[in-house]
Amino acid sequence: MKPHYKLETFEGPLDLLLHLIDKSEIDIYNIPISEITEQYMEVLAAMQELELEVTSEFLVMAATLLAIKSHMLLPKPPPLELEDDFYDDENYDPRAELVQKLLEYRKYKAIAEELRDKELARSLVYTREPEDLTPFVREVEVNPVEGLDIADLVIAFQRALRKAKSRSTVAKIRRDEVSVKERMREVLTLLVDRGGKVLFSRLFDHSAEREEIVVTFLALLELMKTKRIVCFQNRLFDDIVIQAKEEGAAVELPSDEIGY
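Parameters and conventions
Residues numbered from 1 in each chain as written. Predicted model: local features only at pLDDT ≥ 70, side-chain atom pairs only at ≥ 80, totals over all residues. Heavy atoms only, no water. Helix = DSSP H or I, 4+ residues; strand = E, 2+ residues; numbered from the N terminus. Expected span 1.5 Å × (residues − 1). Buried < 20%, exposed > 50% of the residue type's maximum accessible area, 1.4 Å probe, protein only. Arc of directions from axis to C-beta. Contact = heavy atoms within 4.5 Å. Pairing = 2+ DSSP bridges. Axes fitted to C-alpha atoms, helices over the stretch in contact; angles between N-to-C directions. Core = buried A, V, L, I, M, F, W, Y, C linked by side-chain atoms within 4.5 Å.

Caption draft 1: Local environment of helix 6 (residues 180-193). In this model helix 6 runs 20 Å from its N-terminal to its C-terminal C-alpha over 14 residues, within 8% of the 20 Å that 1.5 Å per residue would give. Among the residues of helix 6, Val 180, Lys 181, Arg 183, Met 184, Val 187, Leu 188 and Leu 191 are the ones counted as buried. What you see down the axis of helix 6 is that its buried residues fit within an arc of 165°, all on one side. Against the buried residues of helix 6 lie strand 1 (197-199), helix 7 (210-225), strand 2 (229-232) and strand 3 (241-244). Positive phi shows up at Gly 195, right after helix 6, with a value of about 80°.

See the structure below:
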C-alpha cells in the first residue's frame, strides 16, 4: 500500500528535503540517500498526479539525488598511486555538498522565521506622527534680575553713597529735583547713545548728590520691573552692567506709567 502524503507548499527543493528529513527524524550529517530519494520521488509523483506545477528546480534536485544514489551504489575504485597525494578518494562523500546546502538553507530559514515573527509583532503596534506640542508648553516668565543678588544692588548703592559723601561741595546754588520718570528717560537715552550697554558707575558724575543717586536707583528698579533693561555682573564684585532689552529700547514712556 502506497503511503499518502499531505502536500504542503514548499519554497524549493531544499525546503522539501528538509521537510522529509525532519519528518523522518534523520541525522542531516548521515542522510540515507536511498530512503530520502525514494520519498522525494514519491512526493513529485503525487504532485504530478494532482496536476500541480513541478518547476525545473525540483526536477534538477531529483536528478542530483539519483546521481548521488548511483555514486554510492557503485563500488569504490582502487586508490590511485600518485607522486603527490592531493586527492584521497576513500574519504570523498558525494552527500557532502548536499548536506552543506541543507545546513545553510536551514540557518537562513530559521532567520527568516524569526524576522517574520518580529514583523508580525511590530504590525500590532500602532504609531502616529509626532505632533507639535508647543502650544501646551507652559510659558515661564523671565526674571529681569535673574542672576543678580539683592546684596549686589545694595553694595553698589552703598558704594555710590560713599563716593558722594567723600566729595566736597564748594558751593551750592540751587537744587534741581529730578523725578523717577525723568531719570528713567535719561537712563534709556544714555543706553541708546552707548549702544545698549552702560556700567552702573557711569550713570553718575563727580558732582552727583545723594538725591540723584537714590532717584537713579529707583529708576533702575522701575526699568527692570517693566522689562526695559537687564542687569548682570561678569564676575563677582565686578561693576554691574546695565543692558537695554530689544522691546525696551524706546526712550518714550507712557504718561500714566510712572507718576513720581
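Caption draft 2: Representation of the sheet that holds strand 1 within the structure. As summarised here, the arrangement of the three strands in space is 1-3-2, forming an open sheet in which the pairing is antiparallel. One side of each edge strand has no neighbouring strand; the edge strands of this open sheet are strand 1 and strand 2. With direction set aside, neighbouring strand axes in the sheet form an average angle of 25°. Relative to strand 1, helix 6 is tilted by about 115°, and along the sheet it contacts strand 1, strand 2 and strand 3.

Caption draft 3: Local environment of the nonpolar core. Membership of the largest hydrophobic core comes to 27 residues, with the highest contact counts inside it found for Phe 200, Ile 229 and Ile 242. Residue contributions to this core peak at seven residues, all from helix 7. Setting aside anything within four residues of it in sequence, one finds Ile 229 in contact with Leu 188, Leu 191, Leu 220, Leu 223, Met 224, Ile 242, Gln 243, Ala 244 and Lys 245.

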